[in-house]
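# Remarks on the overall topology
Letter by letter, the chains look like this.
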Amino acid sequence: EEERALAGEQAYLNKLKIRRKLLEEAARKRAQEHAGQMRKEESLRDQLKRKQEERRQAEELDRLAELERLSRLEEEEKARIEERRRAEEERQRLLEEEARRQAEEE
């Protein structure tokens, strides 16, 4: 009877060992899954940061291109104004020259 009791206790201990191993394995798997999930989330955060930085840089390049375009337009307008001023000066010079010539003829 004692042997049977010892055998029963041994069987119970064996069941507990098996149960402990199963629980440890389940805990290991959960820890691995959690670590994998954390790595995945970190990777997604990194991707988001990269995309945000790329978008910020693209917006900055767009702003710079727009500033360059506006600067070119401003320079072109200044050149047109200067050309009109020169043409007006030349017209005035020619009118004055014509007036002098006519005054000399009279």
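Just above sits the structure.
### A closer look at the environment of Arg 93
Position of Arg 93 relative to the elements: it lies in helix H1 (residues 2–105). For Arg 93, a relative accessible area of 38% translates into the label partly exposed. Each C-alpha atom, one on Arg 93 and one on Glu 2, is 135 Å from the other, the two residues being 91 residues apart in sequence. At 2.5 Å, the side chain of Arg 93 forms a polar contact with the side chain of Glu 90.

### As for the pattern of salt bridges
Summed over all chains, the structure comprises 18 salt bridges. Among the ionic pairs, Glu 53 bridges to Arg 56, the shortest N-O distance being 2.6 Å. Of this pair, Glu 53 and Arg 56 both sit in helix H1, 3 residues apart, which is roughly one turn of the helix. According to the relative accessible area criterion, Arg 56 is partly exposed, its value standing at 42%. A salt bridge links Arg 85 to Glu 82; its shortest N-O distance comes to 2.2 Å. Note that Arg 85 and Glu 82 are positioned in helix H1 at a spacing of 3 residues, about one turn of the helix. Salt bridges sharing partners connect three or more residues here, namely Glu 82, Arg 85, Arg 86 and Glu 89.

Rules behind the numbers
- Residues numbered from 1 in each chain as written.
- Predicted model: local features only at pLDDT ≥ 70, side-chain atom pairs only at ≥ 80, totals over all residues.
- Heavy atoms only, no water.
- Helix = DSSP H or I, 4+ residues; strand = E, 2+ residues; numbered from the N terminus.
- Buried < 20%, exposed > 50% of the residue type's maximum accessible area, 1.4 Å probe, protein only.
- Polar contact = N/O pair within 3.5 Å; in protein donor to acceptor, adjacent residues only side chain to side chain.
- Salt bridge = Lys/Arg side-chain N within 4 Å of Asp/Glu carboxyl O.

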